[in-house]
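One-letter residues, chain by chain:
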Amino acid sequence: MTVPDLQTVAIDLQHRSYHIAIRGSLFDNPLSYAELPPASSAVIVTNTTVGPLYAERLRAALQSKYATIHTVTLPDGESFKTWQTLNLIFDALLQHTCDRKTLLFALGGGVVGDMTGFAAASFMRGVPFVQVPTTLLAQVDSSVGGKTGINHPLGKNMIGAFYQPLKVVCDLDVLKTLPQRELSAGLAEVIKYGPIADLAFLSWIEEHMDALIAREPAALAHAVKRSCEIKAWVVGQDEREAGLRAILNFGHTFGHAIEAGLGYGEWLHGEGVGCGMVMAAHLSQRLGLVDAAFVARLTTLIQRAGLPVTGPKLCGTDNAGRYLELMRVDKKAEGGEIKFVLIDGPGNAVVRSAPDALVREVIDHCCK
């Protein structure tokens, strides 16, 4: 199969606008960073898994542009998305006397990207950063749109800031080293764009799931580009999630409860989202918004992606009550009322509340 040509997606946010570059052989090409502003130093933030694979190659690509390049290597995993780990970045920035022009490069998956972005938003009240995502999930979702942050034991991503990168470099070649479980987790975020915004894309995913699982370059290129296009369209209208952007959290309210309830890292984020989409679809059906055929269709697709469709038991005595307790800490909750992203007819998402009794029924049904 031929290697896809360079593709770009623009994020239109006036003076904070930037573009996403998508292709193979990108992250270690100096031309990928040619338009970035000059600075005396740069800092690569990576983790113990990605760093040994790619950090030196990124450093080599940046050497002609930055006189000094430092590397910060974080522990790998969602359980390390904490204040303590974030401080490792601040420690390095201060120890190396970095200044307001120092560029940070987030080389890794969603955890590295979120923490690097939050550090960039906070250090000296804002320094520039670039996203170099190395997982499918990060390429199609977390690296785009400026959401940064860390987890708290009581809630996922509850501490953070909206802060946009200067650029996102999606190198499809790095997906070749991605563990299969991580690839499946990324496919959850790809799948979500279909039900909320583009039924034609949902059909395309169904037709090309085998190619995506096999990591065929043309299929991956289209999945990343279309996902980024949909997210760019949403973020361009609602950067700070005052309304429309909340639809991007389809499956996340249930999914975040699973992640927090099991302990961060037990399930991957995409696994929680995949199962959460099934639960949200069932809730949509019980509210009369979609039919059983759509729920079955979505569930089958999520299974084909290698994702769980049955929720875990978070409590032996009152499982649904534990889910509800965790979901009340969700960022979309208002006054203790949980807001769910639901499908109001395939291809259209809405954000609304639902009676606790109905939510309990869904949780009991989906957590066998």
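Preceding block: the structure.
All of the points below concern the structure found in this document. What you see is a predicted model; the values in this text were computed from it and never measured. Every chain's residues receive numbers from 1 upward, in the order its sequence appears when written. With the structure being a predicted model, the display of local features is reserved for residues of pLDDT at least 70 and the display and counting of side-chain atom pairs for 80 or more, all residues being used for whole-chain, interface and lining totals. Side-chain measures were taken over the full set of non-hydrogen atoms in the model, leaving aside hydrogen atoms and water.

## Some words on the overall build of the chain
Within the chain, the regular secondary structure consists of twelve helices and eleven strands. We compute the radius of gyration over the C-alpha atoms and compare it with the globule rule, which gives 2.2 Å times the number of residues raised to the power 0.38. In summary, the chain has a C-alpha radius of gyration of 20 Å against a globular reference of 21 Å for 368 residues, a match within 12%. Burial classes: relative accessible area under 20% of the type maximum marks a residue as buried, over 50% as exposed, and values in between as partly exposed (1.4 Å probe, protein chains only). Across the 368 residues of the chain, 58% fall into the buried class. In what follows, a contact means two residues having at least one pair of non-hydrogen atoms within 4.5 Å. The contacts of the chain with a sequence gap of at least 6 include a subset with a gap of at least 24, amounting to 75%. Only the protein chains shown count as cover for residues, and the accessible areas themselves come from Shrake-Rupley with a 1.4 Å probe. Per element, the accessible surface of the chain, about 14200 Å² overall, is 52% carbon and sulfur. Charged residues are defined here as Lys and Arg on the positive side and Asp and Glu on the negative side; His and the ends of the chain fall outside this count. For the purpose of locating charges, the reference atoms are NZ of Lys, CZ of Arg, CG of Asp and CD of Glu. Within the chain, one finds 33 positive and 37 negative side-chain charges whose respective centroids are separated by 3 Å. Strands are runs of DSSP state E lasting at least two residues, helices are runs of H or I lasting at least four, and both sets are numbered from the N terminus onward.

## A few points about the environment of L212
On the secondary structure map, L212 appears in helix α6 (residues 199-213). Look past the residues within four positions of L212 in its chain and what remains in contact with it is L183, L187, W204, I205, A219, L220 and A223.

## Quick look at the side chain of T116
For T116, the position within the fold is in helix α3 (residues 110-122). Since its relative accessible area comes to 0%, T116 is described here as buried. The definition of a polar contact used here is a pair of N or O atoms within 3.5 Å, where within protein one atom must be able to donate a hydrogen and the other to accept one, and adjacent residues in sequence count solely through side-chain atom pairs. At 2.7 Å, the side chain of T116 forms a polar contact with the backbone oxygen of V112. Contacts of T116, omitting those with residues within four sequence positions, involve V45, I89, L104, F105, A106 and F129.

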